[in-house]
Structure formats: C-alpha cells, structure tokens
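Chains, contacts and geometry: an overview
Read off the chains here:
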Amino acid sequence: MSKPRIGVSMLYCLSEPFSRMLKRLAKVDVKLVEVMDEGLHELNKKRVAKLNEIAKAKGIRYTVHAPFADINIASPSKPLLNASIKRLEQSMVYARDLDAQLWVFHPGARTGISSFYPNQDWKQNIQTIQDLHEKAEKHGLNTAIENLPEKYGFLMKTPEDFQRFYKETSLHDIGIVLDVGHANLENQTLNFLRKLPDKIVHIHLSDNMGEHDQHLGIGYGKIDWQQFAETLKEIAYDKNIIIEAIEHVPESLQKLREMTA
Ligand SMILES: [Mn+2]
C-alpha cells in the first residue's frame, strides 16, 4: 500500500527574511515543501529563480500557498474583489514557474454586511472560484481549497459546505486541503476524512487546544493523533501531508513519519 507524501510548510519562518528562509530550505530533509506567497516571502521573478535552483539541487517539489492577508474572494466590493483576483492570478503565474504540484487557496469569508444580503457571499465565493479555476486551467495548475474555521467568518468550514460546493459547481478537479488544526476547531477532522476521502489531496497538520488556530507542534495540543492516524489508514490516504506548525517542526515531522509508517 502506498503511503502519504510528507512535507513541510515554510510558514514557521514567515517572520524571517526571504534569504533566511532559503537557507533553511537548503537544509530541509523532505522532498515536498510548501512556500508561502505572503508577507516577507512574497514571490517575485528573482525569488522564483532562486527557489528553482534549490529545488533542482535538492530534488524538492513545491506546493504554493496563495496569498491570504486581506484577501476575500467573497467580497461584496467589486474593486476590492478585483484587486484580490489580480493578486491571486499573479501568484498562480509564480506557482506555474515553480512547477508547483498544487496551488492552495482560502475560501471567502463573511463581511460586516453579509446579514443584509443572505446567500450573496456564498454566491460570490462560488463565482470567484469558477473564475480562479479557469485561470488555473490556463496556467496548467492544480488547485485546492482549504477548510477555514467558522469562528473567523469563513464560508467553507464543514464537509457539508464542500459537498454543497461540488453539487452546485461540478468543479470536481478542485481538491480539498484538509487543515486539521482548522477542522479541530469545528470538531470536523474525522468527518472530513470519512465523508470526502477522494476529494482530499493535501493535508495541513498542526495542533491546537481547540479554541484558537495556534499552529502548535504535533502533540503539543489536544488533537487525538492516534485516532487521526487510524482514520488515515482506514481511508488509505496516500496524498500529501504537510507539517504546518510554527514550532517543534523537526519533532512534528518525526511524529508524522511514525504516524504514517
Ligand atoms: Mn493551513
């Protein structure tokens, strides 16, 4: 039986300059790395070239996490929405130039006026995803949507939201990024794995105490990792799993290796 591919997200050093991140990248002991097109690690042509050099030397394959700060793909404001889409398409171009295996993006969120216009943010969320999907096809990119918690206003947080999305759009080639930290805040991790096993193409792994998205190292929060590992085996999950903790990263990778051994 084939096993999941294990990787690491560079989120843990997002507060450091890009050059510092590259130095860490040159030392990682995994072949799958998620780079953040955000903050101090925002991509540009020169950076993409540097990343490609390292990938070639180390035999690394990248996934790209799309920008998400101040981006809302369900925004009711056309100018702001268009600015977000423009920024996201730029990110897709860099992902393509990195030969990224996957481009991960966040769903839309509610705003301060959502309650005045019921269902409008969901409709806009879907419409923008259709638009992004067309753009991704043009660039030859695989894309996947990450589950984000309800408590931060996001529209796609439960398996039911994703089921509704697939039913209304038929965009079956867009996958799901199961963020286990986020899903834990909704008590939905096992439900996601059991209800949508064929849709999940990528997993973000971090721990938390069940209240906030803390990105703790594996075993430093309250998530039942044994049950998680058992469920992965139950569904014979063999796609990506990325450590997205911001501390205890090598230890978390080691635990993940043991979990999936
Ligand atoms: Mn995540």
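Before any of the text, the structure's been laid out above.
Described below are features of the structure shown in this document. (Residues numbered from 1 in each chain as written. Predicted model: local features only at pLDDT ≥ 70, side-chain atom pairs only at ≥ 80, totals over all residues.)

Regarding its fold elements, the protein chain presents nine helices and eight strands. The C-alpha atoms of the protein chain give a radius of gyration of 18 Å, which matches the 18 Å a tight globule of 261 residues would have. Referenced to the eigenvectors of the C-alpha coordinate spread, the extents of the protein chain come out at roughly 50 × 45 × 30 Å. Looking at the protein chain as a whole, 43% of its 261 residues qualify as buried. The contacts in the protein chain between residues at least 6 apart in sequence include a share of 76% that link residues at least 24 apart. (Helix = DSSP H or I, 4+ residues; strand = E, 2+ residues; numbered from the N terminus. Rg over C-alpha atoms; globule rule 2.2 N^0.38 Å. Buried ≥ 20, exposed ≤ 12 C-beta atoms within 10 Å, placed from the backbone. Contact = placed C-beta atoms within 7 Å.)

Further remarks concern helix α8 (residues 225-234). For α8, the buried fraction is low: one of the 10 residues fall into the buried class. Positioned one or two residues after α8, A236 has a phi angle of 50°, which is positive.

If you trace the eight strands once around the closed barrel, you get β1-β2-β3-β4-β5-β6-β7-β8, paired in parallel fashion. On average, adjacent strands in this sheet sit at an angle of 25° to one another, irrespective of strand direction. Where strand β4 (residues 103-105) meets strand β5 (residues 143-146), three bridges bridge the pair, whose relative direction is parallel. If you follow F105 over to β5, its bridge partner there is I145. (Pairing = 2+ DSSP bridges. Axes fitted to C-alpha atoms, helices over the stretch in contact; angles between N-to-C directions.)

Okay, the pairing of strand β3 (residues 61-65) next. The buried count for β3 comes to four of five residues, which makes it a mostly enclosed element. Direction of pairing for strand β2 (residues 32-36) relative to β3: parallel, over a ladder of five bridges. Residue pairing across strands places M36 opposite H65, the latter belonging to β3. Where the polypeptide runs from β2 across helix α2 (residues 45-58) and back to β3, its parallel neighbour, the crossover connection is right-handed. Sheet topology note: the β3/β4 ladder contains two bridges and is parallel. Residue H65 lies in a different strand from β4, and its bridge partner there is V104. (Right-handed = clockwise from strand over helix to strand, strands pointing away.)

The next thing to look at is the nonpolar core. Nonpolar side chains in soluble globular proteins tend to end up buried together. Residues V64 and W103 are the most contacted members of the largest nonpolar core, which totals 69 residues. Broken down by element, the residue count for this core peaks at five residues, all from helix α4 (residues 120-139). (Core = buried A, V, L, I, M, F, W, Y, C linked by C-beta atoms within 7 Å.)

This brings us to the packing of helix α3 (residues 78-97) against α4. Relative orientation of the contacting elements α3 and α4 amounts to 25°, with a least axis distance of 10 Å. As summarised for this structure, α3 and α4 are arranged roughly parallel, according to the angle between their axes. Every pair of crossing elements has a handedness; the one defined by α3 and α4 is right-handed. The segment α3 lies against α4, with L81, I85, L88, E89, M92, V93 and R96 engaging T128, D131, L132, K135, A136 and H139. For the contact of α3 with α4, the per-class residue count stands at seven nonpolar, two polar and four charged. (Parallel < 35°, antiparallel > 145°, perpendicular 65-115°, else oblique. Left-handed = near helix turned anticlockwise from the far one by under 90°. Nonpolar A, V, L, I, M, F, W, Y, C, P; charged D, E, K, R; others polar.)

A separate point is unusual backbone geometry. Phi is positive for N119, close to 75°, though the residue is something other than glycine. As for its placement among the helices and strands, N119 is situated in the loop between β4 and α4. For H248, which is not a glycine, the phi torsion comes out positive at approximately 50°. Mapped onto the elements of the fold, H248 is located in the loop between β8 (240-243) and α9 (249-259). Take H248: there are 19 C-beta atoms within 10 Å of it, and that puts it in the partly exposed class.

Those residues of helix α5 (residues 159-169) lying buried are P159, F162 and F165. Taken around the axis of α5, the buried residues stretch over an arc of 120°, which confines them to a single face. For α5, exposure combined with an orientation more than 90 degrees from the buried face picks out E160, K167 and E168. After α5 finishes, the residue S170 shows a positive phi value of roughly 55°. (Arc of directions from axis to C-beta.)

Below, the discussion takes up the environment of V48. Checked against the element boundaries, V48 lands in helix α2. Residues within four places of V48 in sequence aside, it is in contact with L43, Y94, D97 and L98.

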